[in-house]
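Residue-level listing of the chains:
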Amino acid sequence: MARPKHPESQMMSFGYRPEWSEGSVKPPVFMTSTFAFKTAEEGKAFFEVAYGLREQGEDEKLGLIYSRINNPNLEILEDRLCLWDEAEDCAVFESGMSAISTLFLEFLKPGDTLLYSLPLYGGTEHFINHFLTEIGVRCIGFYPGETKEEVMARLDAQKAGDKLALIYVETPANPTNDLIDIAMCKEIAEAYSTSERKVYLAADNTYMGPLWSHPLQLGADLVLYSATKYIGGHSDLIAGAILGGCEVMQRIKVLRTFLGNMPSPHTCWLLMRSLETLKVRMEQQARSARKVAEFLSEREEVEHLHYLGFLEETSPDYAIYRRQYSSGGAMLSFEIKGGEPAAFRFLNHLKLIKLAVSLGSTESLVQHPATMTHVGLPNEMKQRIGITPGLIRLSIGVEHHEDLIADLKRALEAG
Ligand SMILES: *Cc1c(COP(=O)(O)O)cnc(C)c1O
């Protein structure tokens, strides 16, 4: 039978057959730390491949050895995740942060330069400015809207271009949905690559993937996720993922084996459960987000609504939006007139929408970036990227949009 074309049709079956496990329709949770070899010769052959002592034979699969290296739940999950991004390989991690820090540790050495987009997720920003800089990595940020020429001039002025090893971007930027042009970053990576030294481009696609944007198809070498968000989608687990071509992923997987930061079989099983409904969840969330955005755009208490579905064709981000995204997404932010007091009054009056950080879950979540997720940023940067005292970030869940709007309306009018 030809394989169904659409990833959502394969999430219930790809990489697993019921006859392998007593007819069980769902893969069992393989709660084991280690796997028995049939013979000593087989154990030797598996280790040779796992440690890269010889090339893998054409039809040879890496045999199951030990759950830090591989486990059926980990492997089936990684095979299924590859389908959404059309990636050659995938590595899943015990958190988004462990995926991100493993990427940095593998692709950056002391003396190298990292170029990164601003603003970044707080944990990523902390790892860059409190760990990478400490070990002698030169870290240079750039803002949404800066041109290729401006970014390259900054690298050259600091004589950091010839040591450029990695470009790391997060787009849309959290919490204001500013866009970073992946094609432009690819051009920068190519401009500084030489025949001996390739500059890699990695994109954190947590906000829009793996459904509405596919950075690997847009020129990125690696795509990263906090799988805690849309991929997990139920606020009940922490996980991360990296996807890319075989060669870069081999490097990532070897480092993961020795850092030991893979997820448990149980977390992998939960993520497979989540992938079955990924598309229906995300599509519903995006439909409701549009309705909520329409409501907010007409409220006099609200200004500066940041919602990608309403970008004006004349705005500079519009061309990037059309190239990179197939939906306006389900994340939005807006300012409430009246600053922090008005924002807090509004937050304290919401009932259905939960006041909590994180995003991409079945329940809608709301938070106040200036005093919560982005509290650690210097004031100057907060101002530059639009994190004002009145700014509110909303992650839309799968509730009926009428109930969400009623909740928002009551909280706005409570002021
Ligand atoms: C949450 C998040 C992370 C960190 O992921 P964890 O799973 O919390 O470790 C990284 N990037 C983005 C964009 C996120 O939203």
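Here the structure is a predicted model, which is why all the values come from computation and not from measurement.

Novice: I tried to follow the sheet that holds strand E9 (residues 331-336) on my own but got confused; where do I start?
Specialist: Adjacent strands of a sheet form backbone hydrogen bonds with each other and so pair up, either parallel or antiparallel. Pairing in this open sheet of 5 strands is mixed, and the strands run E8-E9-E12-E11-E10 from one edge to the other. Of all strands in the sheet, those bounded by a partner on one side alone are strand E8 (302-306) and strand E10 (354-355). With 3 bridges connecting them, E8 and E9 associate as antiparallel partners. When the bridges of E9 are listed, Val302 appears paired with Ile336. In the packing of helix H10 (residues 278-297) onto the sheet, the strands contacted are E8, E9 and strand E12 (391-395), and the crossing angle to E9 comes to about 15°.

Novice: What am I meant to see in the site of the ligand here?
Specialist: Looking at the ligand, there are 13 residues lining it, with Met97, Asp204, Ser226, Thr228 and Lys229 nearest. A distance of 2.7 Å separates a nitrogen atom of the ligand from a polar atom in the side chain of Asp204. At 2.6 Å from an oxygen atom of the ligand is found a side-chain nitrogen or oxygen belonging to Thr228. For the ligand, the protein covers 93% of the area, taking 390 Å² as the surface of the free molecule. At 3 residues, helix H4 (residues 96-107) tops the list of elements feeding residues into the shell around the ligand. Partitioning the shell around the ligand into residue classes produces 5 nonpolar, 5 polar and 3 charged.

Novice: Before we go on, may I ask you to explain the layout of surface pockets in this structure?
Specialist: Leftover empty space is mapped by rolling, across the atoms, a probe with the size of a water molecule. In this structure, the largest pocket encloses a volume near 850 Å³. As for the largest pocket, its lining consists of 30 residues, of which Gln56, Leu62, Asp89, Gln250 and Lys253 are closest to the centre. Only helix H2 (40-50), helix H3 (72-85), strand E1 (89-93) and helix H8 (246-259) provide two or more residues apiece to the lining of the largest pocket. For the lining of the largest pocket, the element with the most residues is H8, which contributes 7 residues. Of the residues contributing to the lining of the largest pocket, the split by class is 13 nonpolar, 5 polar and 12 charged.

Novice: Mind showing me how you'd approach the domain arrangement of the protein here?
Specialist: The extent of an interface is frequently quoted as the accessible surface area lost upon association of the parts. Per the domain assignment, the segments making up the protein are domain 1 (67-275) and domain 2 (278-414). Placing a centre on the C-alpha atoms of domain 1 and another on those of domain 2 gives a separation of 25 Å. Across the contact, 33 residues belong to domain 1 and 40 residues belong to domain 2. Carbon and sulfur atoms supply 62% of the area buried between domain 1 and domain 2, which totals about 3,400 Å² over both sides. It is Leu179, Trp212 and Tyr230 in domain 1 that bury the most area against domain 2; as a group they hold 24% of the surface buried on that side. At the junction of domain 1 with domain 2, the criterion picks out 1 salt bridge. The partner of Arg323 in a salt bridge is Asp181, with the nearest N and O atoms 2.9 Å apart. Linking domain 1 with domain 2 are 20 residue pairs in polar contact (both at pLDDT 80 or more), by the criterion used here. Elements with a contribution of two residues or more to the side of domain 1 that touches domain 2: helix H7 (182-192) and helix H9 (265-275). Its residues assigned to classes, the side of domain 1 that touches domain 2 comprises 19 nonpolar, 11 polar and 3 charged.

Each value, and the rule that gives it
The numbering scheme is per chain: residues are counted from 1 as the chain's sequence reads. Since the coordinates come from a predicted model, pLDDT governs what is reported: local features require at least 70, and pairs of side-chain atoms require 80 or more to be given and counted, while whole-chain, interface and lining totals use all residues. The side-chain figures draw on all heavy atoms in the structure; neither hydrogens nor water molecules are used. Any two strands between which DSSP finds at least two bridges are classified as paired. Only DSSP runs of H or I with at least four residues qualify as helices, and only runs of E with at least two residues qualify as strands; both kinds are numbered from the N terminus onward. Residues count as neighbours in contact if any of their non-hydrogen atoms are within 4.5 Å of one another. Angles shown run from 0 to 180 degrees and are taken between the N-to-C directions of axes, each axis being a line fitted to C-alpha atoms and, for helices, limited to the stretch in contact. We call a residue near a molecule or strand whenever a single non-hydrogen atom of that residue lies within 4 Å of it. Side-chain atoms alone can form a polar contact between residues adjacent in sequence; in general such a contact is a pair of N or O atoms within 3.5 Å, and within protein one must be able to donate a hydrogen while the other accepts it. Note that accessible areas follow from Shrake-Rupley with a 1.4 Å probe, and for residues the cover is restricted to the protein chains shown. For this classification, Asp, Glu, Lys and Arg are treated as charged, while Ala, Val, Leu, Ile, Met, Phe, Trp, Tyr, Cys and Pro are nonpolar and the rest, including Gly, are polar. Residues are said to line a cavity or pocket when one of their atoms sits within 4 Å of a point; the points come from a 1 Å grid over protein atoms alone, cavities being sets where a 1.4 Å probe fits but cannot get out and pockets being open sets with protein on both sides within 12 Å along at least five of seven lines. Grid points are joined across faces, edges and corners, and a volume is the space filled by probe spheres set on the points. Either an automatic procedure or a domain database provided the assignment from which the domain bounds are taken. Using a 1.4 Å probe, buried area is obtained as the accessible area two parts lose upon being combined, added over both of them. Just to be clear on terms, a salt bridge is a Lys or Arg side-chain nitrogen sitting within 4 Å of an Asp or Glu carboxyl oxygen.

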